[in-house]
Amino acid sequence: MVRRLLRFIIIYAVIAIAASAVFIGVQKVMARTYSPEATDVFKDGEEPVRIESLTGGFIAVLGRYTQGANAGMLFCKIYNRNGVPVARHDFYLSDTVIEVTELVSTEEGLKIVCLCKPWDNTLPGYGAIFGIGEHWRADETVFFRPEQGAAGFENFVCADNTGTYFAGIAGRDVTIFGSAGNKLCTASPDFFSKITDVAAAGNQFLLVGTDAESSLGTHFRYGLCALYGIDGAFRWQKTVMEEEGWCSAVLHADSVDDGFTVRGRMLNVGGNTWQSLNRIDSFKADDDPLRFHIGRDSEKDGATSLFMLNIAVDGTISGSALYYTDANEYVPAVTQFDSGSAFYPFVLCVRSADAEHSREYSVNIMRMNRELQLNDTFVFPVSGDTVFMFSQDITGAGLYICAYMEGSGTYRILHFTSMDDAVNHMQTLLRLKPVRDYFFTLTEKAPLLIALAFAVMLTVSGAGRVRRKRAKK
């Protein structure tokens, strides 16, 4: 009896040790992604909104608190390439809704560009810049306010890539500011129905948006670009993507070395009717890189196409890239542009899943050069319970990833020197997830399993004793 019992205990122990070794190894791999850095501190339900690569091999995580007295407040944490936190700052304005419109990486640090709207609507919307400068210290907040009696800003953007010029947009009225909040000029062109963005090149500014059928500007048909000088003088205007049976809108403009890159959306409307300005909101929704494409055929009806154009300062179009829904079922959105990158300044993204709440979804990342030529594409498989955020390393060809369990309140920053390494890591996580989930199930049911094992041992030992007695008789 004793020998049989010992044999059972040894076999059980060997199996338990082998299983534990497997689970511990899996947990170490998973912990590298999901367990936060030991020196990191989390509070008030931190929820990352986006991450931004900075100069010198650092990365910024911008987010909001979701719990406690700080709920709704912005936070920004700076990490080094090893994922170790080096600085943390909180930003808020009393009784004000803060919408982050852009993150601008500068040589000194980071500028958080925000549109601010008072809760009670007693004051017009205005712009604000929360800055993080040298040695990761918080700079003094700079405010950009419309003229007294003027309408509040509907959008507030950085007009260049260095944080030198900013623009407050209200309908088709634009106010250009310097970095200190000083007003430089204004423009109110009648030929726009709506202005969506502003880009600066030297002492000239490109306004982009949609054309207007009249001076009232309540409808549009095509995208429109217009160049102005720093003195507010008109230079030229140009209608873009004026294809028969389509409507189009320019949504974004960026400054490049020899001019501008503009991008927007198109929709096949089957005629030349003027479109309501409300349609621009759906264009912006399609252009959101975090939006999911659900189902194989869901994007074919009413989906928009993406266009990108290189426009010289004189108005000449020197390059273009088009992604039509007719040829490409999932049309990408531009998730990152960085003029300082010597590698791939444009990064496009498509997120797709077979169905709502799928166990797995994919993130297609496409990198494009300055000539708007697509260089390579990488597909990241991601578990359905994981939030996946990324940013290309502007100092190299690597990638920063923040992949965390939704609702966990913690996260970790990972840096990969190559895209292939990053893809392999996410593939490994997806393969190991069933083992990890099984380990958690066993951990929760450990008391029950121990009791069952003890009962089995008693049964085995009892059966052995009965058989031995019968043999003696």
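Placed above this text is the structure.
Note that the coordinates shown come from a computational prediction; the quantities given were computed from them, not determined experimentally.

About the cut-offs
- Residues numbered from 1 in each chain as written.
- Predicted model: local features only at pLDDT ≥ 70, side-chain atom pairs only at ≥ 80, totals over all residues.
- Heavy atoms only, no water.
- Pairing = 2+ DSSP bridges.
- Helix = DSSP H or I, 4+ residues; strand = E, 2+ residues; numbered from the N terminus.
- Core = buried A, V, L, I, M, F, W, Y, C linked by side-chain atoms within 4.5 Å.
- Buried < 20%, exposed > 50% of the residue type's maximum accessible area, 1.4 Å probe, protein only.
- Contact = heavy atoms within 4.5 Å.
- Salt bridge = Lys/Arg side-chain N within 4 Å of Asp/Glu carboxyl O.

Participant: Honestly, the pairing of strand β27 (residues 374-383) in this entry has me stumped. Any pointers?
Facilitator: Side-chain direction in a regular strand flips from residue to residue, so the side chains alternate between the two faces of the sheet. Of the strand pairs in this sheet, strand β26 (residues 360-368) and β27 are connected by 9 bridges, and their pairing is antiparallel. Considered in β27, the bridge of R367 is made with D376. Once β26 ends, the chain turns through 5 residues before running back antiparallel as β27, passing L372 with a positive phi of about 65°.

Participant: Sorry if this is basic, but what is going on with the nonpolar core here?
Facilitator: The nonpolar side chains of a soluble globular protein tend to be buried with one another. Ranked by internal contacts, the top residues of the largest apolar core, which has 24 residues, are V363, F380, F388, F390, I401 and M426. Taken together, the elements giving at least two residues each to this core come down to α1 (2-34), β25 (346-353), β26, β27, β28 (386-392), β29 (399-405), β30 (413-416) and α3 (419-444). No other element matches α3, which puts 6 residues into this core. Apart from the residues within four sequence positions on either side, V363 is in contact with C349, V350, R351, F378, V379, F380, V382, F388 and F390. If you look at the next biggest cluster of nonpolar residues, it comprises 20 residues, including A87, F91, C114 and W136.

Participant: Looking at this model, I keep getting lost on the pattern of salt bridges. Mind explaining?
Facilitator: When charged atoms on two side chains of opposite charge get close, those side chains can pair. Counted according to the given criterion, the structure contains 13 salt bridges. Note that K43 is salt-bridged to D90, the shortest N-O span being 3.6 Å. On the criterion of sequence distance, the pair formed by K43 in the loop between α1 and β1 (46-53) and D90 in strand β4 (residues 85-91) is long-range, its members being 47 residues apart. With a closest N to O distance of 3.4 Å, K77 and E46 form a salt bridge. Here the residue K77 occupies a position in strand β3 (residues 74-79), and E46 occupies one in strand β1, the gap between them amounting to 31 residues. The pair formed by K77 and E46 is uniform in burial state, with each residue classed as buried.

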